[in-house]
Amino acid sequence: MESKSRRIDADAARAHFETALAEHSQEFETFFLARYLGLSFEYLPEDAADEEKEVCRVTFPVSEMVMNPQGSLHGGAMASAMDISMGHLVKKVAGAGATIELKIQFMRPVPTGQATCEGRFTRRGRSISFMESRLWSEDGKLAALATATWKMP
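This structure is a prediction, so every number in the text was calculated from the model and none was measured.

**Regarding unusual backbone geometry**
(1) Moving on: The linkage connecting Leu44 with the following residue, Pro45, adopts the cis geometry, with an omega of -10 degrees.
(2) Moving on: Counting through the fold element by element, Pro45 comes out in the loop between strand 1 (40-44) and strand 2 (55-62).
(3) Moving on: Non-glycine residue Glu29 carries a positive phi angle of around 75 degrees.
(4) Moving on: Residue placement: Glu29 occurs in the loop between helix 1 (10-23) and helix 2 (32-37).

Laid out in structure tokens, this is it:
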């Protein structure tokens, strides 16, 4: 029995791409991939000075354009958003750093809706820091956990 494959709405995909292209600038929070994924950023606690921020919360819509053939958020899109949540926190508190190592445990699929990830330090050092990012589906269930080593600026 032959199954009919799903297709992404080509007009919607083109419009989405064109919007990301028109609105991006290659800076933190507004670079092309962040615009393409539809990332929104929040740094917590809100009233803390930049160097005292503890969390970078990233939210984004899960749409067909970032799904795998099984109908859930692609692991590469999850990994990108999680890496970005950690990298933007490093940038906010200390300046641009670099991911040295990243490990992700995928725990459950993320269907359509809103995904949220939060990057935070587990140990902050002067030259090397250890970080984690957790990603939840819209229903609040933990879907992935990333741990990473970062080269500090």
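This is not the end of the story, as more comes after the structure.
**As for the side chain of Ser72**
(1) Moving on: Tracing the backbone shows Ser72 in the loop between strand 2 and helix 3 (75-93).
(2) Moving on: What makes Ser72 buried here is its relative accessible area of 10%.
(3) Moving on: Ser72 has contacts with Val66, Met67, Pro109 and Val110, leaving out every residue within four places of it along the chain.

**What to know about helix 1**
An α-helical turn contains 3.6 residues, so a residue and the one three or four places further along point in the same direction.
(1) Moving on: Taking 1.5 Å per residue as the helical rise, helix 1 with its 14 residues ought to reach 20 Å, and the 20 Å between its terminal C-alpha atoms agrees with that figure.
(2) Moving on: Between the side-chain oxygen at the start of helix 1 and the backbone nitrogen of Asp11 there is a gap of 3.0 Å, and the oxygen is on Asp9.

**Focus: the pairing of strand 2**
(1) Moving on: For strand 2, the tally of buried residues reaches six of eight residues, placing the bulk of the element in the interior.
(2) Moving on: Where strand 1 meets strand 2, five bridges bridge the pair, whose relative direction is antiparallel. Residue pairing in the sheet places Leu44 in a bridge with Val55 of strand 2.
(3) Moving on: With eight bridges joining them, strand 2 and strand 4 (residues 113-123) adopt antiparallel strand pairing. By the bridge assignment, Val58 is partnered in strand 4 with Cys117.

**Topic: the packing of aromatic side chains**
(1) Moving on: Scanning the entire structure with this criterion turns up two aromatic pairs.
(2) Moving on: Both rings, one in Phe17 and one in Phe32, keep their centres 5.3 Å apart while their planes meet at 65 degrees; by these two values the pair is edge-to-face. Linking Phe17 in helix 1 with Phe32 in helix 2, this pair joins segments that are 15 residues apart in sequence.
(3) Moving on: Judged by its relative accessible area of 37%, Phe17 falls in the partly exposed class.
(4) Moving on: Centre to centre, the rings of Phe32 and Tyr36 are 6.2 Å apart; their planes meet at 25 degrees, and the pair counts as stacked. Of this pair, Phe32 and Tyr36 both sit in helix 2, four residues apart, which is roughly one turn of the helix.
(5) Moving on: Its relative accessible area of 22% is what places Tyr36 among the partly exposed residues.
(6) Moving on: One aromatic cluster in this structure is built from Phe17, Phe32 and Tyr36.
(7) Moving on: The aromatic ring of Tyr43 is capped on one face by Lys92, whose charged end is 4.5 Å from the ring centroid.
(8) Moving on: Just above the ring of Phe121 sits the side chain of Arg124; from NZ or CZ to the centre is 5.4 Å.

What counts, and at which threshold
Residues numbered from 1 in each chain as written. Predicted model: local features only at pLDDT ≥ 70, side-chain atom pairs only at ≥ 80, totals over all residues. Heavy atoms only, no water. Helix = DSSP H or I, 4+ residues; strand = E, 2+ residues; numbered from the N terminus. Buried < 20%, exposed > 50% of the residue type's maximum accessible area, 1.4 Å probe, protein only. Contact = heavy atoms within 4.5 Å. Expected span 1.5 Å × (residues − 1). Polar contact = N/O pair within 3.5 Å; in protein donor to acceptor, adjacent residues only side chain to side chain. Pairing = 2+ DSSP bridges. Phe/Tyr/Trp six-rings, centres within 6.5 Å; stacked < 30°, edge-to-face > 60°. Lys NZ or Arg CZ within 6 Å of the ring centre and 35° of its normal.

Keep in mind these values describe shape, not function.
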